[in-house]
Amino acid sequence: MLSPVGLFPLAAAGVPVGRLLAGARWMDSVIRERKGEENPALFSAAVYSHYLLENPKPVQVWFGYGRGLDRMGEWWQQLWAESLGKRRPHGPPVGQTPARATGVTDQHSQVQLYQDGPADKLFTFVKWMEGREEGRIPPFGMLPGMEILGGRPLRELFDAEFEGTIGALWKAGRPIVRIEIGRRDALHIGAFLQFWEWVTGLVGGIAGIDPFDQPGVEEGKILTRALMG
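Residues numbered from 1 in each chain as written. Predicted model: local features only at pLDDT ≥ 70, side-chain atom pairs only at ≥ 80, totals over all residues. Heavy atoms only, no water.

Caption draft 1: Local environment of the packing of aromatic side chains. Taken as a whole and assessed by the stated rule, the structure comprises 18 aromatic pairs. With a centroid separation of 6.4 Å and an interplanar angle of 90 degrees, the aromatic rings of Phe63 and Tyr114 are classed as edge-to-face. With Phe63 in strand S1 (residues 59-65) and Tyr114 in helix H5 (residues 107-116), this residue pair connects regions lying 51 residues apart in the sequence. Taking relative accessible area as the criterion, Phe63 reaches 0% and is therefore assigned buried. (Phe/Tyr/Trp six-rings, centres within 6.5 Å; stacked < 30°, edge-to-face > 60°. Helix = DSSP H or I, 4+ residues; strand = E, 2+ residues; numbered from the N terminus. Buried < 20%, exposed > 50% of the residue type's maximum accessible area, 1.4 Å probe, protein only.)

Put into structure tokens, the structure is as follows:
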């Protein structure tokens, strides 16, 4: 995303790539300077590698609550699968299937499985702290039990759904990481992207693989070219 290949279409679409890169540089400096648990990438990499290697969860679910987080989840899905699904020189292959869910929509279709189904998943919940859903919920005057929602800000419902879903899964003993992004703007998004690239690289190093190659993808390209003559 932060390479020339990713930045060019973003600039063409009107995204302020300078601010995006400024956020990425700020996060990079934080990660390089802070030590131990104060380092967000090191701390997160320790958590994620634990559920990749020591207490392996074969699936990680990205639950995004807020406008645009589903599209960022698509980027994360490629990053996580392509970087960490690898054979190892010594030991069995590693990998974690990334799955995406959109809050609040998908919590009603998927959380039943996540709460009462197999305990084979790690959950990452992501939401905006500021610049999220606006507007108010219309009155539900004639629907018993719904009166408490009428006229309240939509963001309050989203926050309650976010916390309620986390609480239900936590009560069921599911491992959860929660991340809150300060604001929905290019600066914070750039920092968030850089954070994930660091975390992914560190987890790959801990697992003993190269997170920067994609031999499986390249093999498919070679075969496709051969079939096309």
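From this point, things continue past the structure.
Caption draft 2: Structural context of the layout of surface pockets. Of the volumes computed, that of the largest pocket is approximately 390 Å³. Lining the largest pocket are 15 residues, with Leu79, Glu82, Ser83, Pro211 and Phe212 positioned closest to its centre. Elements with a contribution of two residues or more to the lining of the largest pocket: helix H4 (69-84) and helix H7 (186-207). The dominant element in the lining of the largest pocket, judged by the number of residues it contributes, is H4, at 5 residues. Here the lining of the largest pocket is built from residues that sort into 6 nonpolar, 6 polar and 3 charged. In this structure, the second largest pocket encloses a volume near 330 Å³. Along its surface, the second largest pocket is lined by 16 residues, and Leu10, Val15, Leu20, Met72 and Ile189 are the ones closest to its centre. Here the residues of the lining of the second largest pocket are counted per class, giving 11 nonpolar, 1 polar and 4 charged. (1 Å grid on protein atoms, 1.4 Å probe; cavity = no way out; pocket = protein on both sides within 12 Å on 5 of 7 lines; lining within 4 Å. Points joined across faces, edges and corners; volume = space filled by probe spheres on them. Nonpolar A, V, L, I, M, F, W, Y, C, P; charged D, E, K, R; others polar.)

Caption draft 3: Representation of the sheet that holds strand S4 (residues 176-181). What the 4 strands build is an open sheet, ordered S2-S1-S3-S4; its pairing is parallel. Every interior strand has two partners, whereas the edge strands, strand S2 (97-103) and S4, have only one. Across the sheet, the axes of successive neighbouring strands diverge by a mean angle of 20 degrees, strand direction being ignored. Two elements, S1 and S2, share 7 bridges in a ladder whose sense is parallel. Looking at S2, one finds that Tyr65 is bridged to Gly103. Each of S1, S2 and strand S3 (121-128) touches H5; the most contacted strand, S1, lies at about 145 degrees to it. (Pairing = 2+ DSSP bridges. Axes fitted to C-alpha atoms, helices over the stretch in contact; angles between N-to-C directions. Contact = heavy atoms within 4.5 Å.)

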